[in-house]
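Residues per chain, in single letters:
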2 protein chains.
Amino acid sequence: MTAQPEGVEPRVDQAAVPVDVPAARERARAIPEATVARLAVYLRVLLGRGDDRVATLSSEELAHAAGVNSAKLRKDLSYLGSYGTRGVGYDVDILIGEIERTLGLTRKHSVAVVGIGNLGHALAGYGGFASRGFPVTALFDVDEDLIGIRIAGIEVRHIDQIPDACAALDVTIGVIATPGDGAQDVCDLLVKAGVRCILNFAPVVLQVPEHVEVRKVDLAVELQILSFHVARRELAEEPLTGSSIGTEEPLTELPPVVVAP
Amino acid sequence: MTAQPEGVEPRVDQAAVPVDVPAARERARAIPEATVARLAVYLRVLLGRGDDRVATLSSEELAHAAGVNSAKLRKDLSYLGSYGTRGVGYDVDILIGEIERTLGLTRKHSVAVVGIGNLGHALAGYGGFASRGFPVTALFDVDEDLIGIRIAGIEVRHIDQIPDACAALDVTIGVIATPGDGAQDVCDLLVKAGVRCILNFAPVVLQVPEHVEVRKVDLAVELQILSFHVARRELAEEPLTGSSIGTEEPLTELPPVVVAP
DNA sequence: TGATGTGAACTCCTTCACAGCG
DNA sequence: CGCTGTGAAGGAGTTCACATCA
């Protein structure tokens, strides 16, 4: 490991982020959205393997573990620069460092969750956030019964306090887990508080200024997409009964075909 | 694939929704993934508007509400067929029906949630599933302390019972909310039980036979993508001081930057 | 007239295939 | 030789702009 000749690329520790700014800017700008999403996946795989003392991984291995093909993986990694060794593969530690730097994970983050219902409560207590460098530091709701209680040590406050509290805690990411109505208001408060990244679980399309980034997770939509595939598959499997052409299918409902495996 | 001569013309009268099966099959196969995801969004908007007795909507209005541009919306809807009226717009009820049929929502669905931790518990109690036609009918875990308790009236069973219970309840969609390790085992059990659609919240890439559809929701990845955008934006905003090392920036305060392209 | 529906151009992403290097 | 890195080809999705029709 650390078989790195030409000592231009310094070791990456989270105190200093070297590299000249214009180049980094250019590179960051150039990375496709689709690649960014996958970088996060590669990082998780690498962190898993890092424990195993695996010093190096080929594109084939890493790609398989991440569920993509190796050409795509190599192209993705090429956006970061050349951190592989031909004939060998990628140094796990170096790659981890590069991906973390690219994803901005060397920066401190701080997450606020708004809406402490079923989902918000689960998110507030979800260990997966903190363990990946996204500690939840503030919780908000409107329900008087919830305000003041603590979840995982964090006190729930009224959403009126969003501007002050978020600024004070330097919240970088807001998570909206409220019902659909009210989500836009909460969003406006977060934006006012200077939060520029929002993860939205509410089933509405948020309107935000263009300098604010929103990602949406819509569980019902996910299920509906799956539902589409069930339906498509059933159509595809359905035997082509020649007589079905002329028959009057009452198709308010889909044909009831279910094939047991 | 089966070259079907355009023999039967689909009559469109407003009461019934006819359509011959091969044509429906052809169409379903042709709809792009990206469009399917958006259809679900359009549907939600339409259902919201349906209550308001709005009989008709233009592509412009619907597109705005769904957060896309109108050209995209029209192209998306064109995959369903021609259900708009030129000079007027789309009939809300007809469109709802068409989208529901296309997404397979006229079929009965039944959801099993596996892994009753923070997230699984929230999902089990989440009203948004049932209200959109995806009732949760089975819950599973391995923890003896959880087995037997009821959430929203559903009893938690041991995952050993997945094959039997899922078959008996005709589960169409499995939701995996377990920790990463164990997710693959659970997945295998679901597949064995005949479940062909899986929504995976566990941070692993599941291996499944090709007739099984998996969608993954990875919350940490979502946050990391947002993090990337924070970083990119800071790079873009940062004045070109060659040696700025960003960690100590007083980021409590928002620079008022709004870049006009 | 005014909105839909759609070929065509365009942009973005993926895949191929192989040169280049360790 | 083996594997990375990458131009080039291919495919998917988006946007444009306008013919078309209620």
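Everything below is about the structure printed above this text.
Right, let's walk through the structure included here.

Calculation criteria
- Along each chain, residues carry numbers from 1 onward, in the same order as the chain's sequence is written.
- Throughout, the order in which chains and ligands are written sets their labels, letters from A for the former and numbers from 1 for the latter.
- Local features in a predicted model are, by the rule used here, given only for residues with pLDDT of at least 70; side-chain atom pairs are given and counted only at 80 or more, and totals for whole chains, interfaces and linings are based on all residues.
- Side-chain figures throughout are based on the complete set of non-hydrogen atoms in the structure, without hydrogens or water.
- Within this document, salt bridges are pairs made up of a side-chain nitrogen of Lys or Arg and a carboxyl oxygen of Asp or Glu, the two lying within 4 Å of each other.
- Strands are runs of DSSP state E lasting at least two residues, helices are runs of H or I lasting at least four, and both sets are numbered from the N terminus onward.
- The cut-offs for exposure are 20% and 50% of the maximum accessible area for each residue type, with area from a 1.4 Å probe on protein chains only; residues under the lower value are buried, those over the upper are exposed, and the others partly exposed.
- Two strands qualify as a pair provided that DSSP identifies no fewer than 2 bridges between them.
- By definition, residues are in contact when any of their heavy atoms lie within 4.5 Å.
- Axis definition: a line fitted to C-alpha atoms, limited for helices to the stretch in contact. Angles are taken between N-to-C directions and run from 0 to 180 degrees.

Some words on the pattern of salt bridges
All names here are of chain A. Using the criterion set out here, one finds 14 salt bridges over all chains in the structure. The shortest N-O distance in the salt bridge between Arg38 and Asp76 comes to 2.7 Å. Taken together, the positions of Arg38 in helix H2 (residues 33-50) and Asp76 in helix H4 (residues 70-78) put the pair 38 residues apart, joining distant regions of the chain. Across this residue pair, the class does not change: Arg38 and Asp76 are buried.

Concerning the sheet that holds strand E10 (residues 213-216) of chain B
Residues and elements named next belong to chain B. Read across the sheet, 7 strands follow the order E6-E7-E5-E4-E8-E9-E10 without closing on themselves; strand pairing throughout is mixed. Each having just a single partner strand, strand E6 (150-151) and E10 make up the two edges of the open sheet. Note that strand E9 (residues 197-200) and E10 share 4 bridges and pair parallel. The partner of Ile198 across the bridge, within E10, is Val214. Against the sheet, helix H9 (residues 183-192) touches strand E4 (111-114), strand E8 (173-176) and E9, its axis set at about 170° to E8.

Remarks on the sheet that holds strand E9 (residues 197-200) of chain A
All names here are of chain A. One open sheet accounts for 7 strands, arranged E6-E7-E5-E4-E8-E9-E10; its pairing is mixed. A strand with exactly one partner marks an edge of an open sheet, and here the two such strands are strand E6 (150-151) and strand E10 (213-216). Of the pairings in the sheet, the one linking E6 to strand E7 (residues 154-158) comprises 2 bridges and is antiparallel in character. Bridging across to E7, Ile151 finds its partner in Ile154. The sheet strands contacting helix H9 (residues 183-192) are strand E4 (111-114), strand E8 (173-176) and E9, and the helix crosses E8 at an angle near 170°.

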